[in-house]
Structure formats: C-alpha cells, structure tokens
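Here is what each chain is made of, one letter per residue.
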Amino acid sequence: MFDSDLGDSLRDLVDIDVLVEFFAESDAAFWDRLLARAEELALRRPVYYSLRFCSDLLKTSVPEEVLRKIRAWAPP
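Residues numbered from 1 in each chain as written. Predicted model: local features only at pLDDT ≥ 70, side-chain atom pairs only at ≥ 80, totals over all residues. Heavy atoms only, no water.

Attention now goes to the packing of helix 1 (residues 9-26) against helix 3 (residues 44-58). It is at 10 Å that the axes of helix 1 and helix 3 come closest, and there the two elements cross at 95 degrees. When the interaxial angle is binned, helix 1 and helix 3 end up roughly perpendicular. Of helix 3, the residues touching helix 1 (which contributes Leu10, Leu13, Val14, Ile16, Asp17 and Val20) are Ser50, Leu51, Phe53, Cys54, Leu57 and Leu58. Looking at the contact of helix 1 with helix 3 residue by residue, the class counts come to 10 nonpolar, one polar and one charged. (Axes fitted to C-alpha atoms, helices over the stretch in contact; angles between N-to-C directions. Helix = DSSP H or I, 4+ residues; strand = E, 2+ residues; numbered from the N terminus. Parallel < 35°, antiparallel > 145°, perpendicular 65-115°, else oblique. Contact = heavy atoms within 4.5 Å. Nonpolar A, V, L, I, M, F, W, Y, C, P; charged D, E, K, R; others polar.)

Spelled out as structure tokens, the structure:
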C-alpha cells in the first residue's frame, strides 16, 4: 500500500482480496488475528488502506465490525 509504483496497485489489491477471502473462509479467528497482528507490527495504516480499498473497489467481504474498528486507523 506504500509502493511508489502505481502500475501494479490494482493487481496488489486483487491479491489482497483473494488472500482475505481465503483466510476468512478457513479461519474463524482470522479477522481478530489480523487486526491484533497489525497493531503488534505497527501496520495499522496499511491494513486500513488495504481493507478499505478492497471493500470499496472490489467488494471484498469485510465484516462491518472490522470496518468500524479500522476507521480509528484512518489518517486524520
């Protein structure tokens, strides 16, 4: 989400979409673990951008509760 080359950005979002859909289907604790790991690694903003744009542009199935939680990670 912070690459200076925009040429592959849509492809990167598609990759994230596929990964999120796969792990959310196969792991009931995926969303909690993803958010906890983002906080632990100080990757809140990249996770915010990734999930927001996947949800908005690709209609990735991100639970509303998760979208509410990551709003706190948005830029001011």
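The rest of the description comes next.
All right, on to the environment of Leu13 then. By the secondary structure assignment, Leu13 is in helix 1. In sequence terms Leu13 and Leu57 are 44 residues apart; their C-alpha atoms lie 9.0 Å from each other.

The subject of this paragraph is the pattern of salt bridges. Inspection of every chain in the model, using the stated rule, returns six salt bridges. Across the salt bridge formed by Arg11 and Asp15, the nearest N and O atoms sit 3.0 Å from each other. Of this pair, Arg11 and Asp15 both sit in helix 1, four residues apart, which is roughly one turn of that helix. Exposure remark for Arg11: the relative accessible area of 54% places this residue in the exposed category. In this structure Asp15 comes out as partly exposed when scored by relative accessible area, which is 32%. Residue Glu64 is joined to Arg71 by a salt bridge in which the shortest nitrogen-to-oxygen separation is 3.2 Å. (Salt bridge = Lys/Arg side-chain N within 4 Å of Asp/Glu carboxyl O. Buried < 20%, exposed > 50% of the residue type's maximum accessible area, 1.4 Å probe, protein only.)

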